[in-house]
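In case you want the letters, here they are:
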Amino acid sequence: MLERRSGARGMRRVYAFDRPRARAPLLWLAVLTLVLIGVRAVSMIVVAQPGYTDAYYFASVAGRVARGEGLSADFVWNFLEAPRFASLPIPSHRFWMPLPTLVQAAGIALIGGPLGDFRAAQLAIVAVAAAIPAVTYAAARMLGAGFVAALAAATVVGLGGALAPAWVSLDAFGIAALLGTLFFLAFARAAQGSVRAGALAGLLVGLLYLARAEAALFGLALLWLAGRRRTSRAGTVGAAIALAIGLGWLVRGISLGFPADLLSRAVLLVRYEDFFALHPPTLGSFLGAPLDVASARAGALVTNAMTALVTLLLVPVVPLLIAARWRWHQLEVRAFVGLVLAVYLAQSLVFTLHSVRGSFFHSVAAFFPFAVALAAVGTEDLFRGSTRGMQRTVWGAAVAAFGVISVFSLGQWDVDFNTPYRARLAALPLLPPGPLVVTDAAAWRWISGRQAVLAPTDGPSAAACAAEVYLARTLVLEPAHFSRYAELYVAERSEIFTRRAEHDGIRVYSVRGDQRCIIASPP
């Protein structure tokens, strides 16, 4: 295929008379996309239920949205959303962002009848994720990769490696990966002064923010463009659009009575359990534990760095760094590196305890396709003088490695999430009718179909209050429970609760009906 380099930018452009021949790579890409959709179908055999709190939450609320009940929940996963024991249903998404729920709601509204809520929501996510290999290919080509390198990058990202289960999970992973990669593609054009591309980049930042809150940092790249003479209009327009979308969501929160403890539960945690307490942590408690705070942040810096490296399987890191160094003149590469560092530092140093429990792993998804595209370009540069056979061996090894890790990741997902799901299903017959007080309310709401309320980390007395307010007569404790329930978990009874049944470590307690609820005021 005849092509030329567009100056120092290293981007490939096809001559007009060569366009018919350019259809062959697109056909290969289309075939690859269909094959990877088939891989997703296999993944869906393993990921056959939401699996963890975030996904249970998104899916449950998506069903309500699809049935015209709006962004609301008939369960309490955290008292951040139900201050002072607010009555059910309550406004949802006071902590998490709404886009994953809205995408899933669209799937449920369209095909939920014949398929059921879960599969309909999952197919909506899979439909979004189906475009990830194509945008990865486009990013690699934009960065200067050849056809084979770009196709290998698309294959690697489509397989997913550590993110393989994420591409079919009822979460923000696939959405963030698509929007993040599209952002860098639009940003590259905006960096040449295109106002339209700047507007598109701003729209993508706004949408990405509605998927993941830390994506607000992507607006810094647009402000950087706004501060440059050649790109000031593109950056300003893009930043204005992103800001408008962000403010729209903020206004929604304010109209509902913006939760005063949102920031403290996100930033001031000394123990992660405190996130699930009735009352939020205070600045005094945060400042009163300087060693715990410092050690947590030091540990998060290491843990999150390892998370990023493991997601890339370590090996592509060297060519990624080389490609970034050799293409530092390209503004989109600088923006990518800067945003990776900004999100990494914000997650590790500000949202520390959330970051090491999965939040940063979620953040990586927005960067993963572009990182692989950049690594593919670097690998191509490193092996440019090698034989064609050697180059094919390198690409084949990369695809094989990510394929193996993808299979392993799906197996690990099965162990981590399907095992407790099956245990909960088996324990359902032990539960008497009525609402439940539980450790994971989003999960039990989905599995049981009943109203479920969080058993706060404050301990059994607070759980008794939650039971009284929400008319629950049952407390469920699982092997993984909050520390203040440890004594009750090993005991047959207490002054408030009596154990009535157990299955595979899941213990069911009845609640005495003559309890008085007394909640201490926050310090």
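This text follows the structure it describes.
Rules used in this analysis
- Residues numbered from 1 in each chain as written.
- Predicted model: local features only at pLDDT ≥ 70, side-chain atom pairs only at ≥ 80, totals over all residues.
- Heavy atoms only, no water.
- Patch = residues over 30% accessible without salt bridge, like charges linked within 9 Å, V, L, I, M, F, W, Y side chains within 5 Å.
- Areas by Shrake-Rupley, 256 points an atom, 1.4 Å probe, with all protein chains shown as cover.
- Salt bridge = Lys/Arg side-chain N within 4 Å of Asp/Glu carboxyl O.
- Helix = DSSP H or I, 4+ residues; strand = E, 2+ residues; numbered from the N terminus.
- Bend = angle between axes of the 7 residues up to and from the residue.
- Contact = heavy atoms within 4.5 Å.
- Pairing = 2+ DSSP bridges.
- Buried < 20%, exposed > 50% of the residue type's maximum accessible area, 1.4 Å probe, protein only.
- Axes fitted to C-alpha atoms, helices over the stretch in contact; angles between N-to-C directions.
- 1 Å grid on protein atoms, 1.4 Å probe; cavity = no way out; pocket = protein on both sides within 12 Å on 5 of 7 lines; lining within 4 Å.
- Points joined across faces, edges and corners; volume = space filled by probe spheres on them.
- Nonpolar A, V, L, I, M, F, W, Y, C, P; charged D, E, K, R; others polar.
- Phe/Tyr/Trp six-rings, centres within 6.5 Å; stacked < 30°, edge-to-face > 60°.
- Lys NZ or Arg CZ within 6 Å of the ring centre and 35° of its normal.
- Expected span 1.5 Å × (residues − 1).

Time to look at a nonpolar patch on the surface. A cluster of nonpolar side chains, L243, L247, L250, I254 and F258, forms an exposed patch at the surface whose accessible area comes to about 460 Å². Its place among the elements puts L250 in helix α10 (residues 232-255).

Moving on, we get to helix α3 (residues 99-115). At A109, α3 shows its largest kink, close to 55°. Those residues of α3 hidden inside the fold are in contact with α2 (53-66), α4 (117-129), α7 (173-190) and α8 (195-211). Once α3 ends, the next one or two residues include G116, with phi positive near 90°.

This paragraph deals with the pairing of strand β8 (residues 497-503). Successive residues of a regular strand alternate their side chains across the two faces of the sheet. Bridging between β8 and strand β9 (residues 506-511) involves six bridges; their strand directions are antiparallel. Considered in β9, the bridge of H503 is made with I506. Hairpin connection of β8 to β9: two residues between the antiparallel strands, including D504 at a positive phi of 50°.

To continue, consider the pattern of salt bridges. What the rule picks out here adds up to 15 salt bridges. Notably, a salt bridge pairs D381 with R384, separated by 2.8 Å at the nearest N-O pair. Judged by its relative accessible area of 14%, D381 is buried. Here D414 makes a salt bridge to R422, at a shortest N to O gap of 3.9 Å. Residue classification places D414 among the partly exposed positions, given a relative accessible area of 27%.

Below, the discussion takes up unusual backbone geometry. Following L88, the chain continues into P89 via a peptide bond in cis, with omega recorded as -5°. Here P89 is to be found in the loop between β3 (72-73) and β4 (90-91). Despite not being glycine, F85 shows a phi value in the positive range, around 55°. Along the polypeptide, F85 turns up in the loop between β3 and β4. The phi dihedral of L471 falls on the positive side, at around 60°, and the residue is not glycine. Examined against the element boundaries, L471 turns out to sit in the loop between α20 (460-469) and β7 (474-477). Accessibility expressed as a relative area gives 63% for L471, which makes it exposed.

So, about the sheet that holds β8. Ordered in space as β6-β5-β7-β9-β8, the five strands form an open sheet in which the pairing is mixed. Strands at the two margins of the open sheet, each flanked by one partner only, are β6 (452-454) and β8. Within this sheet the neighbouring strands show an average axis-to-axis angle of 30°, counted without direction. Note that β7 and β9 share four bridges and pair antiparallel. Residue pairing for β9: T474 is matched across the bridge by S510. Relative to β6, helix α19 (residues 441-448) is tilted by about 170°, and along the sheet it contacts β5 (436-438), β6, β7 and β9.

Right, let's get into empty space enclosed by the protein. Under the defined criterion, the tally for this structure stands at two cavities of 30 Å³ or more. Size it by volume and the largest cavity reaches roughly 80 Å³. For the largest cavity, the full set of lining residues is T33, L36, I37, R40, A129, A130, I132, P133, V157, G158 and W167. Every element with two or more residues in the lining of the largest cavity is listed here: α1 (23-46), α5 (132-142) and α6 (147-159). Looking at the lining of the largest cavity element by element, the count peaks at four residues for α1. Taken together, the residues that form the lining of the largest cavity break down as eight nonpolar, two polar and one charged. As a volume, the second largest cavity reaches approximately 50 Å³. Forming the walls of the second largest cavity are A176, L208, R212, E214, A215, F218, V343, H362, S363, A366 and F367.

Further remarks concern the packing of aromatic side chains. Inspection of every chain in the model, using the stated rule, returns 35 aromatic pairs. Between Y137 and F147 the ring centres are 6.4 Å apart and the planes differ by 75°, which places this aromatic pair in the edge-to-face class. Within this pair, whereas Y137 is found in helix α5, its partner F147 is found in helix α6, the two being separated by ten residues in sequence. Residue classification places Y137 among the buried residues on the basis of a relative accessible area of 7%. Aromatic pair F275 and F276: ring centres 4.9 Å apart, planes at 75°, arrangement edge-to-face. Here the two residues F275 and F276 agree in accessibility, since each one is buried. Connected via pairs of aromatic rings, a cluster forms that spans Y57, F58, F75, W77, F95, W96, Y272, F275, F276 and F482. Over the ring of Y489 we find R507, and its NZ or CZ is 4.0 Å from the ring centre.

For α2, spanning 14 residues, the distance from its first C-alpha to its last is 20 Å, which sits close to the expected 20 Å at 1.5 Å a residue. Those residues of α2 not exposed but buried are D54, A55, Y56, Y57, F58, A59, S60, V61, A62, G63 and R64. The positive-phi residue at the C-terminal boundary of α2 is G68, with phi of around 85°.

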